[in-house]
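Residues per chain are reported as follows:
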Amino acid sequence: KKNTKGRDGNEQDDSLINQHSFSKMMRRYMTASVYLVGQTAGKVFSTTYCARQAAILGPIPAAAYSLTHQIGFYISILCNSMTIAVQTLLSREIASSTKIPKKTSLQQIQRDDNMHSSRDILNVAKSSIMASAFITSCISIALFLGKDLVLTGMTNSQVIHEAAVNIFPIFILTQGKRFP
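Everything in this summary refers to the structure shown in the same document. Along each chain, residues carry numbers from 1 onward, in the same order as the chain's sequence is written. In keeping with the model being predicted, local features are shown solely for residues with a pLDDT of at least 70 and side-chain atom pairs are shown and tallied solely at 80 or more, while totals for entire chains, interfaces and linings include all residues. The side-chain figures draw on all heavy atoms in the structure; neither hydrogens nor water molecules are used.

Notes on the overall build of the protein chain
Next, step 1: For the protein chain, the count of helices and strands is 6 helices and 2 strands.
Next, step 2: Helix and strand labels come from DSSP, where a helix needs a run of H or I of at least four residues and a strand needs a run of E of at least two; each type is numbered from the N terminus. Reading the secondary structure of the protein chain in the N-to-C direction produces β-β-α-α-α-α-α-α.
Next, step 3: Partly exposed residues are those whose accessible area sits between 20% and 50% of the maximum for their type, while under 20% is buried and over 50% is exposed, using a 1.4 Å probe and protein chains only. Here the protein chain, with 180 residues, has 27% of them falling under the buried criterion.
Next, step 4: Only heavy atoms matter for contacts: two residues are in contact if any of them lie within 4.5 Å across the pair. Look at the contacts in the protein chain between residues 6 or more apart in sequence, and 67% of them connect residues 24 or more apart.
Next, step 5: Using a 1.4 Å probe, accessible areas were evaluated by the Shrake-Rupley method; residue-level cover was limited to the displayed protein chains. Carbon and sulfur atoms make up 65% of the accessible area of the protein chain, which totals about 12400 Å².

Next comes the structure, spelled out in C-alpha cells:
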C-alpha cells in the first residue's frame, strides 16, 4: 500500500482514492444502465403493441406496418451508431482533458470533480446534436420524397404498397422517438 500526504498533512492510503473513484463510476454506470433498460423496454412494448394493433386490423395493415417498421429499424440502427460515435468522442475528450496528478488526496478529487475542460466537451456535445438533427432530418425528407421507390423495392403487392404509402407520413412524423 502506498501512502500520500493529504491537504491536512496526514498520511492517506492511495487505495481510498481508487475506491472512491470506482464506486462513483459504478453509481453513474448503474444509473445510466437503468435508463437504458427502461428505454429499451419502452421500445419493445410500443413496437409489440403497434404490431398487435396492426394485426387486429387485418393482414394488409399488418404487412404495411411491417414494411414501415423495417425502415424504422434500419434508421434506428443508423442513429444508434451516430450516438455511439458521439459517446466515443465525448469519452476521448473527457479522458484527454482530465489529468489527475499522482499524489492527489481524496478531498482534492471530491473538490475538483470537474477537472476537465467543460468548454471543449460542450462544443463536442453541441456539434454532435446539430449534426445528428441535420442527418436525421435529411433522412426523413429523403424517405418522404422517395417513399414510392423505397416501398416498391420492399413489396410486389400493390394493395400493401398503397396501404404503406398512406401511413408513411404518420410513420415519418413518429420516427422522432427513434432518433437520439
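Alright, that's what it looks like, and here's the rest.
Remarks on the packing of aromatic side chains
Next, step 1: For Phe, Tyr and Trp, rings pair up if their centres lie within 6.5 Å, where Trp contributes its six-membered ring, and each pair is then called stacked (planes under 30 degrees apart), edge-to-face (over 60) or tilted (otherwise). Applying the stated rule across the entire model yields 2 aromatic pairs.
Next, step 2: Seen from their ring centres, F45 and Y49 are 6.2 Å apart, and the 20 degrees between their planes marks the pair as stacked. Taken together, the positions of F45 and Y49, both in helix α1 (residues 14-57) and 4 residues apart, correspond to about one turn of that helix.
Next, step 3: What makes F45 exposed here is its relative accessible area of 57%.
Next, step 4: For Y49, a relative accessible area of 48% corresponds to the partly exposed category.

Overview of the side chain of T68
Next, step 1: Inspection of the secondary structure assignment puts T68 in helix α2 (residues 59-97).
Next, step 2: For T68, a relative accessible area of 3% gives the class buried.
Next, step 3: Within the structure, the side chain of T68 is placed 3.0 Å from the backbone oxygen of Y65, a separation counted as a polar contact.
Next, step 4: Leave out the neighbours within four places in its chain, and T68 touches A164, I167, F168 and F171. Polar contacts, as counted here, are pairs of nitrogen or oxygen atoms within 3.5 Å of one another; within protein the pair requires one atom able to donate a hydrogen and one able to accept it, and residues that are adjacent in sequence qualify only if both atoms are side-chain atoms.

Observations regarding the environment of T47
Next, step 1: Mapping T47 onto the fold places it in helix α1.
Next, step 2: Classification of T47 by relative accessible area gives partly exposed; the value is 21%.
Next, step 3: Residues T47 and H69, spaced 22 residues apart in sequence, show a C-alpha to C-alpha distance of 8.4 Å.
Next, step 4: Excluding its chain neighbours within four sequence positions, the residues that come into contact with T47 are Y65 and H69.

Examining the environment of S91
Next, step 1: If you trace the backbone, S91 turns up in helix α2.
Next, step 2: Along the sequence, S91 and I121 sit 30 residues apart, while their C-alpha atoms lie 9.1 Å from each other.

Some words on a nonpolar patch on the surface
Next, step 1: On the surface, a cluster of nonpolar side chains totalling about 330 Å² of accessible area is made up of F73, Y74 and I77.
Next, step 2: Here Y74 is to be found in helix α2. Within this analysis, patches are made of residues with over 30% relative accessible area and no salt bridge. Like charges are joined at 9 Å or less; nonpolar side chains (Val, Leu, Ile, Met, Phe, Trp, Tyr) at 5 Å or less. Whenever Lys or Arg places a side-chain nitrogen within 4 Å of a carboxyl oxygen from Asp or Glu, that contact is recorded as a salt bridge.

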